[in-house]
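Summary of structural features
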Amino acid sequence: MQHAVMVITDSGGVQEETTFLGVPCLTYRDTTERPVTVSMGTNRVVGRDPQHLLLNALEVLQEAPQGPAIARPPLWDGRTASRIVQILKEVWQGDLACAGGRGPR
């Protein structure tokens, strides 16, 4: 997918992956449960009309040589685990302070 010029899908997971990779995506559905992919500019929800899909695909292909300016959504930087660990440390330390220094056994 990372080397694709464009991806056509009806999968929410694929919409997220193309957004992360910066690859234009056409979603062949009427709605998406991943609206951030649309607001970031990587995904177009084109409906289920084959003609509308074709017109959008041709548009994307015409834009492809210069490439669209695409940004990843905030926090989609691959550092989620380290942020979670930091939050857990902060919560753990807060629990220890509240429990008089006694943590879980």
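It should be noted that the structure appears before, not after, this text.
Residues numbered from 1 in each chain as written. Predicted model: local features only at pLDDT ≥ 70, side-chain atom pairs only at ≥ 80, totals over all residues. Heavy atoms only, no water.

Topic: the packing of aromatic side chains
Inspection of the entire model under this criterion finds 0 aromatic pairs. Lying across the ring of F20, R72 places its NZ or CZ 3.9 Å from the centre. (Phe/Tyr/Trp six-rings, centres within 6.5 Å; stacked < 30°, edge-to-face > 60°. Lys NZ or Arg CZ within 6 Å of the ring centre and 35° of its normal.)

Describing the environment of D10
Along the polypeptide, D10 turns up in the loop between β1 (7-9) and α1 (12-21). Linking D10 and Y28, residues 18 residues apart in sequence, is a C-alpha distance of 5.2 Å. Not counting residues up to four positions away in its chain, the partners in contact with D10 are Y28 and R29. (Helix = DSSP H or I, 4+ residues; strand = E, 2+ residues; numbered from the N terminus. Contact = heavy atoms within 4.5 Å.)

Some points on the environment of T9
The topology assignment puts T9 in strand β1. T9 sits 18 residues away from T27 along the chain, and the two C-alpha atoms are 5.1 Å apart. Sequence-distant contacts of T9, that is, excluding residues within four places in its chain, are made with V14, Q15, C25, L26, T27 and Y28.

Topic: the nonpolar core
Among the nonpolar cores identified, the biggest contains 6 residues, and these are M6, L26, V46, L53, A57 and V60. With 3 residues, the top contributor of residues to this core is helix α3 (residues 50-63). In this structure, M6 is in contact with V23, P24, L26, A57, V60 and L61, ignoring residues within four places of it in sequence. (Core = buried A, V, L, I, M, F, W, Y, C linked by side-chain atoms within 4.5 Å. Buried < 20%, exposed > 50% of the residue type's maximum accessible area, 1.4 Å probe, protein only.)

Some details on a nonpolar patch on the surface
A cluster of nonpolar side chains, contributed by V5, L54, L55, L58 and L61, occupies part of the molecular surface with about 450 Å² of accessible area. Structurally, V5 can be placed in the segment before β1. (Patch = residues over 30% accessible without salt bridge, like charges linked within 9 Å, V, L, I, M, F, W, Y side chains within 5 Å. Areas by Shrake-Rupley, 256 points an atom, 1.4 Å probe, with all protein chains shown as cover. Salt bridge = Lys/Arg side-chain N within 4 Å of Asp/Glu carboxyl O.)

A look at the sheet that holds strand β2 (residues 25-27)
Spatially, the 3 strands line up as an open sheet ordered β1-β2-β3, and their pairing is parallel. A single partner strand is all that each edge strand has here, and the edge strands are β1 and β3 (43-45). Mean inter-strand twist for the sheet, computed between neighbouring axes without regard to direction, equals 20 degrees. Pairing between β1 and β2: 3 bridges, direction parallel. (Pairing = 2+ DSSP bridges. Axes fitted to C-alpha atoms, helices over the stretch in contact; angles between N-to-C directions.)

What to know about α1
What α1 keeps buried is the set G12, Q15, T18 and T19. Along the long axis of α1, the arc covered by the buried residues comes to 125 degrees, so they all point the same way. Looking at the packing, one finds that the buried side of α1 touches β1, β2, α2 (35-39) and β3. The N-cap residue of α1 is S11: its side-chain oxygen and the backbone nitrogen of G13 are 3.3 Å apart. Residue G22 follows α1 closely and has a positive phi angle near 75 degrees. (Arc of directions from axis to C-beta. Polar contact = N/O pair within 3.5 Å; in protein donor to acceptor, adjacent residues only side chain to side chain.)

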